[in-house]
Amino acid sequence: MPDTATHFQQYGMKKHDARRLHYDLRLGWNGVLKSWAIPLGPSERTGERREAIQVEDHRREYLSFEGVIAKGKYGAGTIMFWDIGMWRPLSECADVDASLRNGYLRFTLRGEKLKGIWILKRRPDKLQNEEKTIWDLVKEPDSFARNGHPGDILEEAPNSVSSGRSLEEIYRHWDKPPRKPKSDGTLFDMQISVAR
Ligand code: MN
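Residues numbered from 1 in each chain as written. Predicted model: local features only at pLDDT ≥ 70, side-chain atom pairs only at ≥ 80, totals over all residues. Heavy atoms only, no water.

1. Things to note about the overall build of the protein chain
Along its length, the protein chain carries four helices and nine strands. When the elements of the protein chain are put in sequence order from the N terminus, they spell out β-β-β-β-β-β-α-β-β-β-α-α-α. Going through the 196 residues of the protein chain one by one, you find that 41% of them count as buried. When contacts within the protein chain are restricted to residue pairs at least 6 apart in sequence, long-range pairs at least 24 apart make up 55% of them. (Helix = DSSP H or I, 4+ residues; strand = E, 2+ residues; numbered from the N terminus. Buried < 20%, exposed > 50% of the residue type's maximum accessible area, 1.4 Å probe, protein only. Contact = heavy atoms within 4.5 Å.)

Next up, the structure:
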């Protein structure tokens, strides 16, 4: 059964240090994560459009991933789980599939960092790139908008929502798979040396 708009869905935002730093918006829908790459990251100021390049749907299991993807692999670079929460389309966009087809999705975010009403609006055909579909992410004027307030959420809350780490710390602490002990003898020797 398809999702209905009365339910809140999974939302997440990644911060991704790839060839170029960008943010990755993830909206859970019909068993996948609809995905956009946002080069400048979201702005909470009404009227500040942020380019959002639609990329392929991602698997839901990847929403919470934080770590380092090796060079040469898809998504190579350090990935931070920057924001987590729920999203829901507003009533006029209750048919989410139609809204995505029509290029206009108005929705509420209940994230740890981003909140309130946002719009994803696809750019008209004449402004499209041949290879990628380009949208804009814009904040609606509501009590969560930063209009008239100083500051920037990207600078005020730059770290991971799950680990509290910065990109640099995630990179530094990225655990390599544990190596198997060489032999029981090695472990035994280690116990001896600890016991001393
Ligand atoms: Mn990315």
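Structure's up, so let's keep going.
2. Overview of the confidence of the model for the protein chain
On average, residues of the protein chain score 88 in pLDDT, and 86% of them reach the 70 mark or higher. Overall, residues 184–196 carries pLDDT values under 50, and its contacts beyond four positions in sequence, including any with other chains, amount to one contact. (pLDDT = per-residue confidence, 0-100.)

3. Some points on the side chain of Arg146
You can see Arg146 is positioned in the loop between β9 (133–139) and α2 (153–156). The exposure class assigned to Arg146 is buried, which follows from its relative accessible area of 14%. A polar contact is formed between the side chain of Arg146 and the side chain of Glu44, at a distance of 2.7 Å. (Polar contact = N/O pair within 3.5 Å; in protein donor to acceptor, adjacent residues only side chain to side chain.)

4. Let's talk about the packing of aromatic side chains
Following the criterion strictly, the structure yields five aromatic pairs and no others. For the ring pair Tyr23 and Trp82, a centre distance of 5.6 Å and an interplane angle of 80° mean the geometry is edge-to-face. Remark: Trp82 occurs in strand β6 (residues 77–89) and Tyr23 occurs in strand β2 (residues 21–29); sequence separation between them is 59 residues. Trp82 shares its class with Tyr23; the two are buried. Measuring from centroid to centroid gives 5.6 Å for Trp36 and Trp135, while their planes differ by 80°, and the two rings are edge-to-face. Taken together, the residues span a long stretch of sequence, with Trp36 in strand β3 (residues 32–38) and Trp135 in strand β9 at a distance of 99 residues. Relative accessible area serves as the criterion here: at 0%, Trp36 is assigned to the buried category. Taking the relative accessible area as the measure of exposure, Trp135 reaches 0% and is therefore buried. Each residue in the set Trp29, Trp87 and Phe107 is aromatic and connected to the rest through ring pairs, giving one cluster. (Phe/Tyr/Trp six-rings, centres within 6.5 Å; stacked < 30°, edge-to-face > 60°.)

5. A word on unusual backbone geometry
Backbone geometry at Asn30 places phi at a positive 50°, although glycine is not the residue there. Structurally, Asn30 can be placed in the loop between β2 and β3.

6. Remarks on the nonpolar core
Counting 28 residues, the largest nonpolar core has Leu27, Trp87, Leu105, Phe107 and Leu120 as its most contacted members. Among the elements that take part in this core, β2 stands out by supplying four residues, more than any other. (Core = buried A, V, L, I, M, F, W, Y, C linked by side-chain atoms within 4.5 Å.)

7. Overview of the side chain of Lys139
Inspection of the secondary structure assignment puts Lys139 in strand β9. Among the polar contacts listed, one links the side chain of Lys139 to the backbone oxygen of Ile117, at a separation of 2.6 Å. A distance of 2.9 Å separates the side chain of Lys139 from the side chain of Asp142, its partner in a polar contact. Each residue touching Lys139, except ones within four places of it in the same chain, is listed here: Ser43, Glu44, Arg45, Thr46, Gly47, Lys115, Gly116, Ile117, Trp118, Phe144 and Ala145.

8. Some points on the environment of Met80
On the secondary structure map, Met80 appears in strand β6. Put simply, Met80 and Val68 are 12 residues apart on the chain and 8.9 Å apart in space, counted from C-alpha to C-alpha. For Met80, the contacting residues outside a window of four places in its chain are Met13, Lys14, Lys15, Glu66, Pro158, Asn159, Ser160, Arg165, Ser166, Leu167 and Ile170.

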